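Remarks on the overall topology
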Amino acid sequence: MIRSLLVGLLLTLGPAAAQAAESPDRYPSKPITIIVPFSAGGPADNVTRYIANQLGKTWNQQVVVENRTGAGGMIGAEAVARSAPDGYHLVLLVTGHTIMPGMQASMPYRMPQDFTGITVVNRAPKLVVVHPSVPVASFAELIEKVKQDPGKYGSYGTSGVGSMAHLSMELVNKLAGTKFVHIPYKGGGATQADLVAGRLPIGVLDLGSVLPHVQAGSLKVLAVTSDTRSPLFPDVPTIAEVIPNFQATEWFGIAGPKGVPPAIADKLQTAIKAALGTPEARTRYIEGLGWELPASTPKEMDEVLASQTMKWGALVKELGLKAQ
């Protein structure tokens, strides 16, 4: 009788019971899927594919990267939030995922409650760059110029409303009392084109994308948004050196749905950390793009998701920003 009841219970629970019963020692025993909620070919896709390839070699198991785009990254994130918490369904989350809840009237998932952090893969500083015609040599001087004449010197371009670059400068406005004026573009490429041509005085862009122009002298770097100076620009100060309490570093991270067993989350984090510790990763991402590769613990990523959702949500609401 007892045996019949147990069999019935297992049949009722179905696949979830079998998944929960898998020992972490056996993980992974089947292919893993990592969803990148953005188009193929960009930095987020590139680093995820690199990690997937390294994990596949480490575990002799297939790790598939799937690009599932739409709704600014929410479609891919929702798919994983609703999947089984077995370690076989992962997603690349970015800073934007912690900004969206403050801009959306409703969300298809809860951030951060519906996710288990695995690891923060990278921290990628934005650069505040100006056209050489702008008569300043430092970010502190730029702030003074904008306070004196915001109409002439205060326009800055980014890849769009609600982007990390946009909120970085709005945080500057809040903390420094400036009136930088946002000019949203449809992507960083368009911003960069107007900046290099002198039609735009200031841009806030990815380090990797503007590096050739900085090296060629067609753009000047005034500051980086990261907590520490970039090894590629050791003489360029952080914004925090000029404005105390400023912190706005973009990041990518791997996460699973809520409830991934801690032992499996730890196993994933350890393997990803090893993948990001290779000489190839250093050459590609640290030396090539100026990234930091922290490979943080699951607990640290959970803390990032919670604190960033609260921080950017408050700023977005204060600014009255809505999803477009």
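Looking at an unreviewed UniProt entry, the protein carries the name ABC transporter substrate-binding protein, with the source organism given as Bordetella genomosp. 6. Per UniProt, the protein carries the Sequence similarities (unreviewed entry) text "Belongs to the UPF0065 (bug) family."

**Things to note about the sheet that holds strand S3 (residues 89-94)**
Neighbouring strands of a sheet are bound in pairs by backbone hydrogen bonds; such pairs are parallel or else antiparallel. Across the sheet, 5 strands lie side by side as S2-S1-S3-S10-S4; this open sheet has mixed pairing. In this open sheet, the two edge strands, each paired with only one partner strand, are strand S2 (63-67) and strand S4 (115-124). Strand-to-strand, the axes of this sheet are offset by a mean angle of 25°, without reference to chain direction. Bridging between strand S1 (residues 32-36) and S3 involves 3 bridges; their strand directions are parallel. Directly across from Ile 35, in S3, lies its bridge partner Val 91.

**A short note on the pattern of salt bridges**
Applying the stated rule across the entire model yields 11 salt bridges. In this structure, the salt-bridge partner of Glu 318 is Lys 174, at a minimum N-O distance of 3.1 Å. Highlighted residues: Glu 318 in helix H14 (residues 298-319) and Lys 174 in helix H8 (residues 164-176), separated in sequence by 144 residues. Note on Lys 174: relative accessible area 48%, which makes it partly exposed. When salt bridges with common partners are traced through the structure, they connect Lys 126, Asp 206 and Glu 250 into a single cluster.

**With respect to the packing of aromatic side chains**
This model, assessed by the stated rule, comprises 7 aromatic pairs. Between Tyr 50 and Tyr 285 the ring centres are 5.9 Å apart and the planes differ by 70°, which places this aromatic pair in the edge-to-face class. Of the two residues, Tyr 50 is situated in helix H3 (residues 43-59) and Tyr 285 in helix H13 (residues 279-289); the sequence distance between them amounts to 235 residues. With a centroid separation of 5.3 Å and an interplanar angle of 85°, the aromatic rings of Tyr 109 and Phe 115 are classed as edge-to-face. We classify Tyr 109 as buried; its relative accessible area is 5%. Put simply, the rings of Tyr 50, Phe 252, Tyr 285 and Trp 291 touch in pairs and so form one group of aromatic residues. For the cation-ring pair, Lys 30 lies above Tyr 88, with the distance from its terminal atom to the ring centre recorded as 4.8 Å.

Rules used in this analysis
Residues numbered from 1 in each chain as written. Predicted model: local features only at pLDDT ≥ 70, side-chain atom pairs only at ≥ 80, totals over all residues. Heavy atoms only, no water. UniProt positions renumbered as here; feature names shortened; annotations may be inferred. Pairing = 2+ DSSP bridges. Helix = DSSP H or I, 4+ residues; strand = E, 2+ residues; numbered from the N terminus. Axes fitted to C-alpha atoms, helices over the stretch in contact; angles between N-to-C directions. Salt bridge = Lys/Arg side-chain N within 4 Å of Asp/Glu carboxyl O. Buried < 20%, exposed > 50% of the residue type's maximum accessible area, 1.4 Å probe, protein only. Phe/Tyr/Trp six-rings, centres within 6.5 Å; stacked < 30°, edge-to-face > 60°. Lys NZ or Arg CZ within 6 Å of the ring centre and 35° of its normal.

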